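The primary structure of each chain is shown beneath.
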Amino acid sequence: MIHFTVVNMNFQEEFSNEYNYDFLDQSEIPSQPLGCTVALKKEACLSRLVQGLQVYKVLLVYVKEVYPDNVLPNINSDPLIQLLKNEMRHPERVAAVSTVEAADMLQGLDNLTTFDKKLTAHSILRKLHFFLIDSKHDVARKENGSFNQRRQ
């Protein structure tokens, strides 16, 4: 699992007197990925998770620009994306994020103040954290549902 202790310590130092953690949930990040809903079948759920990880991969580039001095661990989502694609029947249906799409996602973030850039970076990390937790539960729920269907 991704370890954010250093980032969390920096967050507490920078924002302890300004905002509480709940404020990060209200801040908007561009192209925030959606998780799985109960109504989605496993294939659609996996597809949505792969797309979400690809979006976060782009957003993490922004976070690394805001914190260039190696505060973050090297986060590589490619193995997880590949693992999810291996579980899919039609992984070729999930398109990679194009350069144009990535630029569109990050448009407008360069014009933020230093404080807002850091706030946005922390918000991206927080939302990625919850996306990963929710995704783990979503996949487990889909696997348990399909397992129960196979047993009957």
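Here goes a summary of the coordinates provided. (Residues numbered from 1 in each chain as written. Predicted model: local features only at pLDDT ≥ 70, side-chain atom pairs only at ≥ 80, totals over all residues. Heavy atoms only, no water.)

### Overview of the overall build of the chain
Here is the rule: The helix and strand labels rest on DSSP assignments: H or I over at least four residues marks a helix, E over at least two residues marks a strand, and numbering proceeds from the N terminus. A 1.4 Å probe rolled over the protein chains alone gives each residue an accessible area, and that area as a share of the maximum for its type sets the label: buried under 20%, exposed over 50%, partly exposed in between. The contact criterion used throughout is that any non-hydrogen atoms of two residues lie within 4.5 Å. For accessible areas, the Shrake-Rupley method is used with a probe of radius 1.4 Å. Any residue's cover is judged against the shown protein chains and nothing else.
When helices and strands are tallied, the chain shows 6 helices and 0 strands. Its helices and strands in sequence order give the chain the pattern α-α-α-α-α-α, from N to C terminus. Out of the 152 residues belonging to the chain, those deemed buried represent 37%. Considering only intrachain contacts with a sequence separation of at least 6, the fraction spanning at least 24 residues in the chain is 82%. Taken as a whole, the chain presents about 9600 Å² of accessible surface, with 52% of it coming from carbon and sulfur.

### A closer look at the nonpolar core
Here is a general trend for soluble globular proteins: nonpolar side chains tend to be buried in one another's company. Here is the rule we go by: Note on terminology: a nonpolar core comprises buried Ala, Val, Leu, Ile, Met, Phe, Trp, Tyr and Cys residues joined through side-chain atoms within 4.5 Å.
Within the largest apolar cluster, 32 residues are counted, with the highest numbers of intra-cluster contacts made by L49, Y56, V63, L84 and I124. Secondary structure elements with two or more residues in this core: α3 (42-66), α4 (78-87), α5 (99-106) and α6 (114-151). The element best represented in this core is α3, accounting for 13 residues. Once residues lying within four places of it in the same chain are set aside, the contact partners of L49 are C36, L84, F131, S135 and V139.

### Section: the state of the cysteines
This is how the line gets drawn: A pair of sulfur atoms, both from cysteines and within 2.5 Å, is called a disulfide here.
Summed over the entire model, instances satisfying the criterion amount to 1 disulfide. The side chain of C36 participates in a disulfide bridge whose partner is C45; the two sulfur atoms lie 2.0 Å from each other. Between C36 and C45 the sulfur-sulfur dihedral comes to about 100°; the bridge is accordingly right-handed. Here C36 and C45 have matching classes, each one buried.

### Points about the packing of α3 against α4
Cut-off, in case you're wondering: Helix axes are fitted only over the stretch in contact, all axes being lines through C-alpha atoms; the angle between N-to-C directions runs from 0 to 180 degrees. Here the word oblique covers every angle except those under 35 degrees (roughly parallel), over 145 (roughly antiparallel) and from 65 to 115 (roughly perpendicular). Handedness of a crossing follows from how the near helix is turned relative to the far one, being left-handed for an anticlockwise turn of less than a right angle and right-handed for a clockwise one. Three classes are used, and their members are as follows: Ala, Val, Leu, Ile, Met, Phe, Trp, Tyr, Cys and Pro are nonpolar, Asp, Glu, Lys and Arg are charged, and the others, Gly among them, are polar.
The N-to-C vectors of α3 and α4 enclose an angle of 165°; their axes lie 9 Å apart at closest approach. By the angle between their axes, α3 is roughly antiparallel relative to α4. Crossing angle aside, the handedness with which α3 passes α4 is left-handed. In contact with K42, L46, L49, V50, L53, Q54 and K57 of α3, α4 contributes D78, L80, I81, L84, K85 and E87. A breakdown of the residues in the contact of α3 with α4 according to their chemical character gives 7 nonpolar, 1 polar and 5 charged.

### Side note on the pattern of salt bridges
The condition that has to hold: Salt-bridge detection follows one rule: a side-chain nitrogen of Lys or Arg within 4 Å of a carboxyl oxygen of Asp or Glu.
Scanning the model with the defined rule gives 3 salt bridges in all. Between E87 and K42 there is a salt bridge; the shortest N-O distance is 4.0 Å. Pair noted here: E87 is in helix α4 and K42 is in helix α3, with a separation of 45 residues, a long-range link. We classify K42 as partly exposed; its relative accessible area is 27%. Ionic pairing is found between D138 and R141, a salt bridge with its closest N-O pair at 2.8 Å.

### Details of the packing of aromatic side chains
How two aromatic rings sit relative to each other is given by the distance of their centres and the angle of their planes. For clarity, the cut-off: The pairing test for Phe, Tyr and Trp rings, Trp by its six-membered ring, is centres within 6.5 Å, and the orientation test on the planes gives stacked under 30 degrees, edge-to-face over 60, and tilted for anything in between.
Tallying each qualifying case throughout the model produces 1 aromatic pair. Ring plane angle 50° and centroid distance 5.3 Å describe the contact between Y56 and F131, whose orientation is recorded as tilted. Of the two residues, Y56 sits in helix α3 while F131 sits in helix α6, which places them 75 residues apart along the sequence. Take Y56 and F131: they sit in the same class, and that class is buried.

### Structural notes on the packing of α3 against α5
Where α3 contacts α5, the axes come no closer than 10 Å and their chain directions differ by 55°. Between α3 and α5, the angle falls in the class oblique. Crossing of α3 over α5 shows right-handed handedness. Where α3 approaches α5, its residues V55, V58, L59 and Y62 are matched on the opposing element by A102, M105 and L106. Its residues assigned to classes, the contact of α3 with α5 shows 7 nonpolar, no polar and no charged.

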